[in-house]
Amino acid sequence: MFSGLKDKLKSWISKTKDKIVGTEKPSKPVKTKAKSKPKVKTKPKKSVKEERKVTEKIVEDIKKENLEISSPEEKFEKQGFFKKLFSSKFTLQKEDFDEIFSELELVLLENNVAYEVVEKIKKDIEIQLVGKEIDKKNLEEEIKNSLKESILKIIQEPFDLVEKIKNFKESRPFVIVLFGINGSGKTTTIAKIAKLLLKNKISLVLGAADTFRAASIEQLSEHGKKLGVEVIKSQYNSDPASVAFDAIKHATSKNIKVVLIDTAGRMHTKDSLMKEMEKIIRISKPDLKIFIGESITGNDATLQAKTFNEAIGIDGIILSKADVDDKGGTALSVSYVTGKPILYFGIGQEYENLEKFSKEKMLERLGL
Ligand code: GDP
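Presented here is a report on the structure given in the accompanying data block. All values reported here derive from a predicted model rather than from experimental measurement. (Residues numbered from 1 in each chain as written. Predicted model: local features only at pLDDT ≥ 70, side-chain atom pairs only at ≥ 80, totals over all residues. Heavy atoms only, no water.)

Description of the overall build of the chain
(1) Moving on: When you go through the chain residue by residue, the secondary structure sums to 14 helices and 10 strands.
(2) Moving on: Residues counted as buried form 45% of the 368 residues belonging to the chain.
(3) Moving on: Of the contacts formed within the chain by residues at least 6 apart in sequence, a portion of 78% connects residues at least 24 apart. (Helix = DSSP H or I, 4+ residues; strand = E, 2+ residues; numbered from the N terminus. Buried < 20%, exposed > 50% of the residue type's maximum accessible area, 1.4 Å probe, protein only. Contact = heavy atoms within 4.5 Å.)

So this is what it looks like as structure tokens:
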């Protein structure tokens, strides 16, 4: 899970370190073949042992800050030279930053990070690193930390769904409406949430409000049967808002704590889908609107989340199929683009394969 992006980030950080520290290394003299040896007298060469002794002495002197140099000019010149050779600090210039960031930009874009998120990361890291005096020894850590801080700002702090429900003290049921495009794993994810609530001894009912697909009503009923949860449904093509209404009415009369409402994922136009969603919301007045998207679809999922958020205002996100997503960029993008938290990752086809999202775990997954 997300190991592709993790490896690429690791390799970028280490390459960047080499590049920056490398630019400070004294350049190697270029070897050229001499056509004929010049016949000039040269000083006899010192032996390697003698040369090492001299170098050691110089280093020792620098350490003690005890340079015994006669003229102030000579002292200044030598100090400058030694400083360059042995200085452990350097300042990252804007041009160098732009060059190294262009590589990171490519890594991020290739791994499903949306362009506006890449721009945000660039701005954050630039503020953190450019013009700052950095110790070469800490360079890798500095780059890592600036990236980490930026990502921490990008991903929103999740709330605990189960806690939120447990803390809900009103006499009516807690209503959750779930959205997402067909095939994104919506039905499976709803069943996973149902399982999670049951595990926490929270009673629930399912509302099959995706009345545009007969298969979807059937699928949800199957899950209901397996989980031992009642499913409120109606005929294929009936009014989804009225199914939602019936499910809430049922829960209220039976004193059931939670209503999970499935909705349609495809209609002939985006506008008609959004109008339908608005109607369901108007009728059911949900406590939470959760978008379910497929982690592997990258920018598609990000765009869907954005569209739903603009039309109906989502409260949280669940990304399914994260277990088969090597890239991981969708998780960064959906959260930033919508400003809403990811609550869970779907990490498999079983009911238990729902992983609670945490910022720390996300950073760990990215090796930061
Ligand atoms: P819907 O059309 O959006 O309701 O999608 P479904 O719930 O029917 O899921 C479509 C397919 O994705 C099914 O084969 C599911 O088993 C599979 N699926 C759902 N969630 C996950 C997940 O987190 N990981 C994996 N690997 N597969 C999943």
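Structure shown, so let's carry the discussion forward.
So, the site of the ligand
(1) Moving on: With respect to spatial proximity, 17 residues lie near the ligand, and among them G183, K186, T187, T188 and Q219 are the closest.
(2) Moving on: At 2.5 Å, a side-chain N or O of T188 approaches an oxygen atom of the ligand.
(3) Moving on: Separating an oxygen atom of the ligand from a backbone N or O atom of G346 is a distance of 3.2 Å.
(4) Moving on: Contact with the protein chains covers 80% of the free accessible surface of the ligand, which is 580 Å².
(5) Moving on: Broken down by element, the residue count for the shell around the ligand peaks at four residues, all from helix α8 (residues 186–199).
(6) Moving on: In terms of residue class, the shell around the ligand is made up of two nonpolar, 10 polar and five charged. (Near = heavy atom within 4 Å. Polar contact = N/O pair within 3.5 Å; in protein donor to acceptor, adjacent residues only side chain to side chain. Areas by Shrake-Rupley, 256 points an atom, 1.4 Å probe, with all protein chains shown as cover. Nonpolar A, V, L, I, M, F, W, Y, C, P; charged D, E, K, R; others polar.)

Here's the deal with the nonpolar core
(1) Moving on: Residues L9, L147, F308, F345, M362 and L366 are the most contacted members of the largest nonpolar core, which totals 68 residues.
(2) Moving on: Of all hydrophobic cores here, the second largest spans 32 residues; its members include F174, L206, L227 and L288. (Core = buried A, V, L, I, M, F, W, Y, C linked by side-chain atoms within 4.5 Å.)

Overview of helix α13 (residues 329–338)
(1) Moving on: A large share of α13 lies buried, amounting to nine of its 10 residues.
(2) Moving on: Looking only at α13, the buried set comprises G329, T330, A331, L332, S333, V334, S335, V337 and T338.
(3) Moving on: One or two positions beyond α13, positive phi appears at G339, with a value near 75°.

Here's the deal with the pattern of salt bridges
(1) Moving on: This model, assessed by the stated rule, comprises 18 salt bridges.
(2) Moving on: The partner of K359 in a salt bridge is E157, and the shortest N-O contact between them spans 3.9 Å. Separated by 202 residues along the polypeptide, K359 in helix α14 (residues 359–365) and E157 in the loop between α6 (139–154) and α7 (161–166) bring together distant segments of the chain.
(3) Moving on: The partner of R365 in a salt bridge is E355, and the shortest N-O contact between them spans 2.8 Å. Taken as a pair, R365 in helix α14 and E355 in strand β10 (residues 354–356) lie far apart in primary sequence, 10 residues in all.
(4) Moving on: By relative accessible area, E355 is classed as buried at 12%. (Salt bridge = Lys/Arg side-chain N within 4 Å of Asp/Glu carboxyl O.)

Describing the packing of aromatic side chains
(1) Moving on: All told, the structure shown has six aromatic pairs when counted by the stated rule.
(2) Moving on: Ring centres of F2 and F345 lie 5.4 Å apart, and the angle between their planes is 75°; this geometry places the pair in the edge-to-face category. With a gap of 343 residues between them, F2 in the segment before α1 (3–24) and F345 in strand β9 (residues 342–346) connect regions that are remote in the sequence. For the pair F2 and F345, a shared accessibility class is recorded, and that class is buried.
(3) Moving on: Consider the rings of F168 and F174, whose centres lie 5.0 Å apart with planes at 85°: the pair is edge-to-face. Each member of the pair F168 and F174 is classed as buried. (Phe/Tyr/Trp six-rings, centres within 6.5 Å; stacked < 30°, edge-to-face > 60°.)

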